[in-house]
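For reference, the chains in residue letters:
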Amino acid sequence: MRILIINGVNLNMLGYREPEQYGKITLKELEKELHAYSFSLGIDIETFQSNMEGAIVERIQQSREHFDGIILNAGAYTHTSIAIRDAIVTADMPVVEIHMSNIYQREDFRHDSVIAPVCIGQIAGFKADSYKLGLKALVNYLNNNENL
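Thresholds, definitions, all that
Residues numbered from 1 in each chain as written. Predicted model: local features only at pLDDT ≥ 70, side-chain atom pairs only at ≥ 80, totals over all residues. Heavy atoms only, no water. Helix = DSSP H or I, 4+ residues; strand = E, 2+ residues; numbered from the N terminus. Buried < 20%, exposed > 50% of the residue type's maximum accessible area, 1.4 Å probe, protein only. Contact = heavy atoms within 4.5 Å. Pairing = 2+ DSSP bridges. Axes fitted to C-alpha atoms, helices over the stretch in contact; angles between N-to-C directions. Core = buried A, V, L, I, M, F, W, Y, C linked by side-chain atoms within 4.5 Å. Salt bridge = Lys/Arg side-chain N within 4 Å of Asp/Glu carboxyl O.

**Examining unusual backbone geometry**
Reasoning step 1: Backbone geometry at aspartate 92 places phi at a positive 55°, although glycine is not the residue there.
Reasoning step 2: Following the sequence through the fold, aspartate 92 ends up in the loop between helix 4 (82-91) and strand 4 (95-99).
Reasoning step 3: For lysine 127, which is not glycine, the phi dihedral falls at a positive 50°.
Reasoning step 4: Looking at where lysine 127 falls in the secondary structure, it is placed in the loop between strand 5 (121-124) and helix 5 (129-144).

Right, dumping it as structure tokens:
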């Protein structure tokens, strides 16, 4: 099983940006943790980060042929990107939307996700553990729906 983890805009600034919301872990440290965790799940992961909406869209489009599912933290694009939403629909694979902060405890504009309706689920508020929870949920989903 292969899972793609996509990190969107500003997530390259983890460890520096609003540590009260996101924790002090850097993106490199997070990726290292996720690779170790993936071994315990018996899966392969690949990570990708971009601040550019088009690059994220292209990576989602390319994923169809190489991955079984996607963990997506689109960052601020969560609330605005119809292009990323459309790419998820076109990819036709399970996507779990994750957020390190609880978007429902933050500014009102963060409460709406344009990508949530096309994802199989959403996990928010557990800092770096949101990724692990998302991976576990996606693996369970894929294992239970392997004939889809």
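**Examining the environment of glycine 23**
Reasoning step 1: Relative to the assigned elements, glycine 23 resides in the loop between helix 1 (19-22) and helix 2 (27-41).
Reasoning step 2: Judged by its relative accessible area of 12%, glycine 23 is buried.
Reasoning step 3: Considered as a pair, glycine 23 and serine 101 are 78 residues apart in the sequence and their alpha carbons are 9.1 Å apart.
Reasoning step 4: Not counting chain neighbours up to four residues away, the residues in contact with glycine 23 comprise Gly15, Glu18 and Lys127.

**Details of the sheet that holds strand 4**
Reasoning step 1: As summarised here, the arrangement of the 5 strands in space is 2-1-3-4-5, forming an open sheet in which the pairing is parallel. Every other strand in the sheet has two partners, leaving strand 2 (44-49) and strand 5 as the edge strands with one partner each. This sheet shows a mean twist of 20° between the axes of neighbouring strands, independent of strand direction.
Reasoning step 2: Relative to strand 3 (residues 69-73), strand 1 (residues 2-7) is paired through 5 bridges, and the arrangement is parallel. Across the sheet, the residue bridging to isoleucine 3 is glycine 69, located in strand 3.
Reasoning step 3: Running over the sheet, helix 2 touches strand 1 and strand 2 and is turned about 165° from strand 2.
Reasoning step 4: Along the sheet face, helix 3 (residues 53-63) touches strand 1, strand 2 and strand 3 and points at about 175° away from the line of strand 1.

**Points about the nonpolar core**
Reasoning step 1: Counting residues in hydrophobic clusters, the biggest one holds 23 residues, and the most contacted among them are Ile3, Leu30, Ile71, Tyr131 and Leu135.
Reasoning step 2: Listing elements by their share of this core, those giving two or more residues are strand 1, helix 2, strand 4 and helix 5.
Reasoning step 3: Apart from residues lying up to four places away in sequence, isoleucine 71 is in contact with Ile3, Leu4, Ile5, Ile6, Val96, Ile98, Tyr131, Gly134, Leu135 and Leu138.
Reasoning step 4: With 19 residues, the next largest nonpolar core counts Ile6, Ile56, Phe67 and Ala74 among its residues.

**So, the environment of alanine 137**
Reasoning step 1: For alanine 137, the location among the structural elements is in helix 5.
Reasoning step 2: For alanine 137, a relative accessible area of 34% corresponds to the partly exposed category.
Reasoning step 3: When the C-alpha positions of alanine 137 and arginine 106 are compared, they lie 24 Å apart, and in sequence the two are 31 residues distant.

**Some details on the pattern of salt bridges**
Reasoning step 1: Tallying each qualifying case throughout the model produces 3 salt bridges.
Reasoning step 2: We note a salt bridge from arginine 2 to glutamate 46, for which the minimum N-O separation is 3.4 Å. Remark: glutamate 46 occurs in strand 2 and arginine 2 occurs in strand 1; sequence separation between them is 44 residues.
Reasoning step 3: Take arginine 2: its relative accessible area is 31%, and that puts it in the partly exposed class.
Reasoning step 4: Its relative accessible area of 28% is what places glutamate 46 among the partly exposed residues.
Reasoning step 5: Ionic pairing is found between arginine 59 and glutamate 46, a salt bridge with its closest N-O pair at 2.4 Å.

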